[in-house]
Amino acid sequence: MTVSRRMLATVAALTLCAATLTTLGGSPASADGDDPVMIDPGFESGTFDGGQYYHASLVAAGASGSGHAAQVGLGYDGDSRYPRGGNLPVRGTGVSRGMVNKPVRQVEPNTVYEFTAKVRTEGNASVRVGVFDAENVAFYRGAANYVDVSSPTWTTVTRTITTGPRTRELNAFCFLNELGSSSGPGYCDDFAVRKVGPAANPAPAPPDDTRALGANGFPVTIPAVQSFTRHDGESWRPQGDLSISVRHGEAATLRDEAERIAKEFVDAKLVRTATVRTVDDHARVARGILLTTGAVDLSAAPAKARALASQAYRLDIDENAVVVTGGSGTGAFYGVQTILQALRSAGRLPAGVVTDWTDQTFRGLQVDSGRRYYSLGWLKNQIKDLAYTKMNYLQLRVKDDQGLRVESAVAPKLVDRLPAGGSWSKAQIADLVAFARRYHVTIVPEIDVPGHSSLDTQVYPEYALPEKTGYDYSRADVREHLARWVREIGATFDAPYVHLGGDEFFDADNPRLLSWVRGFAGPKATGEDGYKALFNYLSGELAKDGRGTWMWNDMISDPAGGAVRLSRDITIDYWAEIYDAPAAGAYLDAGFTLIGSSSDLYHDLWPPLTADNKNNTINQPWPAGQWTTYGSPYVYSGGWGAPYSVPAGSNSVGQFFPIWDDPHGWAPEYVLTQTLLPRLRVHAQSVWNSPDPVGDFAAFDPYLRKLGHAPGFQQPVGTLEVNPPQQ
């Protein structure tokens, strides 16, 4: 098979043509010269073209008395708790929030812009409206300038913002912020952005030089390679027509891998064409790449890395060819990602031998899809990006207080079918799982029980404690219901593990639950013992299907004992030393396998008020601090205290970078893509656990930008596949 740039360009041209027609149908805020451009700022086209929306719709008339305005947040009839066209009783909760966002392109760095909009609300709602700059401060600290409006009459809002030294895009937003029992929705119209003038104190842009090699003499890649030995001889770079070869005996194993890699080289514009060939065992293709599998010498690696030999690889580089030897097809794929990045970084590969490995089993991203919907296109982008940086797990939180994100026969009434909300069918998940496997990424679903279930207990009150604070797992029928549900979720994702949540349930000492656990564990048993018994039971049910169990740490204060001992078959996902939970080392000492998803890395999707406001916002963590503090995968959160390390030889086996969405939808996918990239790249370097390629984050940043996203990454994702909005 030959992949050519012309084939890919034809598809791109058709896409561009469609996008151009969409743009012509809108009403740009300004389209003269280099002035800011925003598609259809007054929503007069009757569509959301040129932006993204969530729990929003278009209504007539607009602020002028004609045309359209954007409604943000769900609308209700009378005193109903169910929104028009929706299936969940979400009135007065964060689920009822909504947003509309318009990107403002062709803006200039170090420039003052003025944003105006017209806004009104119903009830006692508060609408947050303003403009956001994701790169307001060098090294990825964003800032927003917004105002909260609570007025039933149309109010004109004016805010100014000074762009950062690298800013090329702003985002205008309108978000239903806070609600009472009878509040909402909000409305916004007539966005406008105009250039005021140059910044009073322009900030210099950081240097963008990527000419230097890494500390070990190999081009900088993310993550850096563990070992490189340079040889005499000329460097290697591909010709315009690249050959990727596999041997006859390995064609069944590596042919699909090679064809996917060929497309990546063309997508990355490193070659004109890439042809996959099957060759004799002794053949090497001049100026090409030979993919093969075999033993990789890991005698210099730690024992934990030798246990992951299938993910290791070796590159033998000379001026004629690169031979990629993977411990398996996965290792070979990772080896080629290193080649792709090294070529982007330095343009050529120096002659020598690369040996690369990891000692971390789980290297991934955790996405809070329980609180808001993510499009399948965005998730597939993240899968490509994970693979590009040798990460191998995507954890999807599919159930929270806000409902269920995936089709279910066990809890069908909880599936999100809210207007302009979204959920995935089982067929869509099967396609996503298959896509992820092609990129050597495993998806782990999380379904949070018995807490984070306030909506569950309204939709299914027959399973709730009398106070409706969570599931009444003292009853056998409730435990059986939960078991059927988590087994269904495991089957839907065909997952090796299911994350059961287990965080922030504060009613374990409920009299019904205490009476139940003391009935079989003795009179001194505590609510925590009953909690452990529930998770032991669910873990045993998942084991019937060959699946493992993960749970959060924070409600397990006594991992070593108690009247009921938590099963050591459960993997502990550690996020903070909080709610009386001990330090991470206590779970290791008690014999548990430990992974991390640190609260210190909490990427929460609220807009910051200023660039200095980093706590609990989309600015968290600041990548420079993340680089310094979380440079090792053996670092865990101290909660309110300082982070600390656990022993490298311990049963700490990986880390996830956590996205949380407490505002339930403020950030559109294209904004999250911008803010996630630098943070996820630092995480990739950390969790592979190789030596830092450069001395600090400032030196790392140019390479982060140069290497960019994975080949084939589609940015931005144009349309959310949300449920139809309200009429």
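Residues numbered from 1 in each chain as written. Predicted model: local features only at pLDDT ≥ 70, side-chain atom pairs only at ≥ 80, totals over all residues. Heavy atoms only, no water.

Brief notes about the overall build of the protein
Here is step 1 of the chain: Counting secondary structure elements, the protein contains 14 helices and 30 strands.
Here is step 2 of the chain: For the protein, whose C-alpha radius of gyration is 26 Å, the value lies close to the compact-globule estimate of 27 Å for 727 residues.
Here is step 3 of the chain: In terms of overall dimensions, the protein has C-alpha extents of about 80 × 75 × 45 Å along its principal axes.
Here is step 4 of the chain: For the protein, with 727 residues in total, the buried portion stands at 61%.
Here is step 5 of the chain: A separation threshold of at least 6 residues defines the contact pool for the protein, and within that pool the share at least 24 residues apart is 76%.
Here is step 6 of the chain: On the protein, roughly 25,700 Å² of surface is accessible, and the fraction owed to carbon and sulfur atoms is 51%.
Here is step 7 of the chain: The protein carries 66 positive and 79 negative side-chain charges, and their two centres are separated by 3 Å. (Helix = DSSP H or I, 4+ residues; strand = E, 2+ residues; numbered from the N terminus. Rg over C-alpha atoms; globule rule 2.2 N^0.38 Å. Buried < 20%, exposed > 50% of the residue type's maximum accessible area, 1.4 Å probe, protein only. Contact = heavy atoms within 4.5 Å. Areas by Shrake-Rupley, 256 points an atom, 1.4 Å probe, with all protein chains shown as cover. Lys, Arg positive; Asp, Glu negative; His and termini not counted. Charge placed at Lys NZ, Arg CZ, Asp CG, Glu CD.)

Overview of the nonpolar core
Here is step 1 of the chain: Residues Val 100, Phe 191, Phe 265, Leu 291, Ile 339 and Leu 396 are the most contacted members of the largest nonpolar core, which totals 192 residues.
Here is step 2 of the chain: Per-element accounting of this core gives the leading share, ten residues, to helix α13 (residues 669–688).
Here is step 3 of the chain: Contacts of Leu 396, omitting those with residues within four sequence positions, involve Val 367, Ser 369, Leu 379, Trp 424, Leu 432, Ile 443, Val 444, Pro 445, Glu 446 and Phe 493.
Here is step 4 of the chain: Among the nonpolar cores identified, the runner-up in size contains seven residues, and Phe 362, Val 444, Val 653 and Phe 656 belong to it. (Core = buried A, V, L, I, M, F, W, Y, C linked by side-chain atoms within 4.5 Å.)

Focus on helix α8 (residues 476–492)
Because an α-helix completes one turn every 3.6 residues, residues spaced three or four positions apart along the sequence face the same direction.
Here is step 1 of the chain: Compared with the 24 Å implied by 1.5 Å per residue over 17 residues, the 24 Å span of α8 between its first and last C-alpha is a close match.
Here is step 2 of the chain: Restricting attention to buried positions, one finds in α8 the residues Val 478, Arg 479, His 481, Leu 482, Ala 483, Trp 485, Val 486, Glu 488, Ile 489, Gly 490 and Thr 492.
Here is step 3 of the chain: After α8 finishes, the residue Asp 494 shows a positive phi value of roughly 45°. (Expected span 1.5 Å × (residues − 1).)

Here we look at helix α4 (residues 329–346)
Here is step 1 of the chain: Relative to the 26 Å expected for 18 residues at 1.5 Å per residue, α4 spans 26 Å between its end C-alpha atoms, a close match to the ideal helical length.
Here is step 2 of the chain: Across the 18 residues of α4, 17 count as buried, placing the element largely inside the fold.
Here is step 3 of the chain: Where α4 begins, one side-chain oxygen reaches toward the backbone nitrogen of Thr 330, 3.2 Å away; that side chain belongs to Ser 328.
Here is step 4 of the chain: Gly 347 lies just past α4 and shows a positive phi near 85°. (Polar contact = N/O pair within 3.5 Å; in protein donor to acceptor, adjacent residues only side chain to side chain.)

Description of the sheet that holds strand β8 (residues 141–149)
Here is step 1 of the chain: An order of β2-β5-β10-β7-β8 is seen for the five strands of this open sheet, with the pairing classed as antiparallel. This sheet does not close on itself; its edge strands, each paired only once, are β2 (52–54) and β8. Averaged over all adjacent pairs, the angle separating strand axes in this sheet is 20°, with direction ignored.
Here is step 2 of the chain: Bridge count for strand β7 (residues 126–137) against β8 is eight bridges, and the pairing is antiparallel. (Pairing = 2+ DSSP bridges. Axes fitted to C-alpha atoms, helices over the stretch in contact; angles between N-to-C directions.)

Details of the packing of helix α5 (residues 376–388) against helix α6 (residues 426–438)
Here is step 1 of the chain: Put simply, α5 and α6 touch, their axes get as near as 10 Å, and they point 15° apart. One way to sum up the angle between α5 and α6 is to call them roughly parallel. As α5 packs across α6, the resulting crossing turns out to be right-handed. Of the residues in α6, those touching α5 at Leu 376, Leu 379, Lys 380, Ile 383 and Lys 384 are Gln 428, Asp 431, Leu 432, Phe 435 and Ala 436.
Here is step 2 of the chain: Here the residues of the contact of α5 with α6 sort into six nonpolar, one polar and three charged. (Parallel < 35°, antiparallel > 145°, perpendicular 65-115°, else oblique. Left-handed = near helix turned anticlockwise from the far one by under 90°. Nonpolar A, V, L, I, M, F, W, Y, C, P; charged D, E, K, R; others polar.)

Quick word on the pairing of strand β17 (residues 321–326)
Here is step 1 of the chain: The element β17 is largely enclosed, with a buried count of six among its six residues.
Here is step 2 of the chain: Burial along β17 is two-sided: Ala 321, Val 323 and Thr 325 facing one way and Val 322, Val 324 and Gly 326 facing the other are all buried.
Here is step 3 of the chain: The pairing of strand β15 (residues 288–293) with β17 spans six bridges and is classified as parallel. Opposite Ile 289, over in β17, you have Val 322 as the bridge partner.

Regarding the packing of aromatic side chains
Here is step 1 of the chain: Inspection of every chain in the model, using the stated rule, returns 37 aromatic pairs.
Here is step 2 of the chain: Seen from their ring centres, Phe 435 and Tyr 439 are 5.1 Å apart, and the 40° between their planes marks the pair as tilted.
Here is step 3 of the chain: One residue, Arg 120, lies across the ring of Tyr 187, its end atom 4.2 Å from the ring centre.
Here is step 4 of the chain: Against the face of Trp 688 rests Lys 390, its NZ or CZ located 5.9 Å from the ring centre. (Phe/Tyr/Trp six-rings, centres within 6.5 Å; stacked < 30°, edge-to-face > 60°. Lys NZ or Arg CZ within 6 Å of the ring centre and 35° of its normal.)

Structural notes on the pairing of strand β25 (residues 570–574)
Here is step 1 of the chain: In terms of burial, β25 is largely enclosed, as five of its five residues are buried.
Here is step 2 of the chain: Where β25 lies against strand β26 (residues 594–596), three bridges are found, and the strand directions are parallel. Looking at β26, one finds that Ile 572 is bridged to Leu 594.

Some words on the packing of α8 against helix α10 (residues 527–543)
Here is step 1 of the chain: Between α8 and α10, whose axes approach to 9 Å, the crossing angle comes to 45°. Taken together, the axes of α8 and α10 lie oblique to each other. Regarding α8 and α10, the two cross each other, and that crossing is right-handed. Here Arg 479, Glu 480, Leu 482, Ala 483, Val 486 and Arg 487 of α8 come into contact with α10, specifically with Leu 534, Tyr 537, Leu 538, Glu 541 and Leu 542.
Here is step 2 of the chain: Residues of the contact of α8 with α10, tallied by class, amount to seven nonpolar, no polar and four charged.

Digging into the side chain of Gln 620
Here is step 1 of the chain: Residue placement: Gln 620 occurs in the loop between β27 (603–604) and α12 (623–629).
Here is step 2 of the chain: Setting aside anything within four residues of it in sequence, one finds Gln 620 in contact with Asp 600, Leu 601, Tyr 602, His 603, Asp 604, Lys 614, Asn 615 and Arg 679.

What about unusual backbone geometry?
Here is step 1 of the chain: Look at the link from Ala 60 to Ala 61: it is a cis peptide, with omega at 5°.
Here is step 2 of the chain: Mapped onto the elements, Ala 61 comes out in the loop between β3 (56–59) and β4 (69–72).
Here is step 3 of the chain: For the peptide bond that leads from Val 449 to Pro 450, omega is -5°, which places it in the cis range.
Here is step 4 of the chain: The residue Pro 450 is located in the loop between β22 (442–449) and α7 (454–459) in this model.
Here is step 5 of the chain: Here the phi dihedral of His 55 falls at roughly 50°; this positive angle occurs in a residue that is not glycine.
Here is step 6 of the chain: Of the residues examined, His 55 reaches a relative accessible area of 3% and is grouped as buried.
Here is step 7 of the chain: The phi angle at Gln 106 is positive, at roughly 65°, despite the residue not being glycine.
Here is step 8 of the chain: Counting through the fold element by element, Gln 106 comes out in the loop between β5 (99–105) and β6 (111–121).
Here is step 9 of the chain: Overall, Gln 106 belongs to the partly exposed group, its relative accessible area being 42%.

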